[in-house]
Amino acid sequence: QTDHVEILLDTYALELQSMGTRLSLILKQIDATEDLLNLRLENIQKNTFIANTLFHLVLALLGVPAVVASFLGMNLWSGAKFALEGPDTPAVPFTPPDYPADRYDDDPSLGVSWIFLYNSVGVLVITVVVFAVILAYIRNQGLVQIRL
């Protein structure tokens, strides 16, 4: 009768050993899956960082023509800016030396400030070219895989 108990104990010991082996394999699979997920998350984080950097680069480069246009545009005549009245200040009577305010709005010979438009478009084109050069440099260095 002790042989029967000994056989049962050996069977249980083998079952427990196989369960332990299976559990260690499952733990290794969990660790491998965790490592794979961490790699995927790092890749997504890297791609998000690259997209964020390129987005801010575009915004910074588009700010350059806006600054140039604002510097050039502040010299354009607009009669409305001198007609500002507040409760404490009356309107400022101002007319530019070359163009009276009442004639400027009605005179079609004055037209659009083409120099302003040429400068604005030129700076925008230069900005796009600078962005393309920066993007080409980044691609050639292998820092980012970008397909346009």
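Read on for an overview of the structure. (Residues numbered from 1 in each chain as written. Predicted model: local features only at pLDDT ≥ 70, side-chain atom pairs only at ≥ 80, totals over all residues. Heavy atoms only, no water.)

**Focus on the side chain of Thr127**
Part 1 of the reasoning: Along the polypeptide, Thr127 turns up in helix α3 (residues 114–140).
Part 2 of the reasoning: Here Val123 takes part through its backbone oxygen, which lies 2.7 Å from a polar atom of the side chain of Thr127.
Part 3 of the reasoning: In this structure Thr127 touches Leu61, Leu62, Val64 and Pro65, once residues within four positions along its chain are discounted. (Helix = DSSP H or I, 4+ residues; strand = E, 2+ residues; numbered from the N terminus. Polar contact = N/O pair within 3.5 Å; in protein donor to acceptor, adjacent residues only side chain to side chain. Contact = heavy atoms within 4.5 Å.)

**Here we look at the nonpolar core**
Part 1 of the reasoning: By size, the foremost hydrophobic cluster in this structure holds 5 residues: Ile50, Leu54, Leu135, Ile138 and Val144.
Part 2 of the reasoning: Contributing elements (two or more residues each) for this core: α1 (2–73) and α3. (Core = buried A, V, L, I, M, F, W, Y, C linked by side-chain atoms within 4.5 Å. Buried < 20%, exposed > 50% of the residue type's maximum accessible area, 1.4 Å probe, protein only.)

**Regarding the environment of Leu124**
Part 1 of the reasoning: Within the element layout of this structure, Leu124 appears in helix α3.
Part 2 of the reasoning: For the pair Leu124 and Ala66, spaced 58 residues apart in the sequence, the C-alpha separation amounts to 8.7 Å.

**Regarding the environment of Ile50**
Part 1 of the reasoning: Mapping Ile50 onto the fold places it in helix α1.
Part 2 of the reasoning: Accessibility expressed as a relative area gives 18% for Ile50, which makes it buried.
Part 3 of the reasoning: Measuring from C-alpha to C-alpha, the distance between Ile50 and Val144 comes to 7.7 Å, with 94 residues separating the pair along the chain.

**Digging into a nonpolar patch on the surface**
Part 1 of the reasoning: Residues Val5, Leu8, Leu9 and Tyr12 make up a contiguous nonpolar surface patch of about 390 Å² in total accessible area.
Part 2 of the reasoning: Among the structural elements, Val5 can be located in helix α1.
Part 3 of the reasoning: Exposure remark for Val5: the relative accessible area of 45% places this residue in the partly exposed category. (Patch = residues over 30% accessible without salt bridge, like charges linked within 9 Å, V, L, I, M, F, W, Y side chains within 5 Å. Areas by Shrake-Rupley, 256 points an atom, 1.4 Å probe, with all protein chains shown as cover. Salt bridge = Lys/Arg side-chain N within 4 Å of Asp/Glu carboxyl O.)

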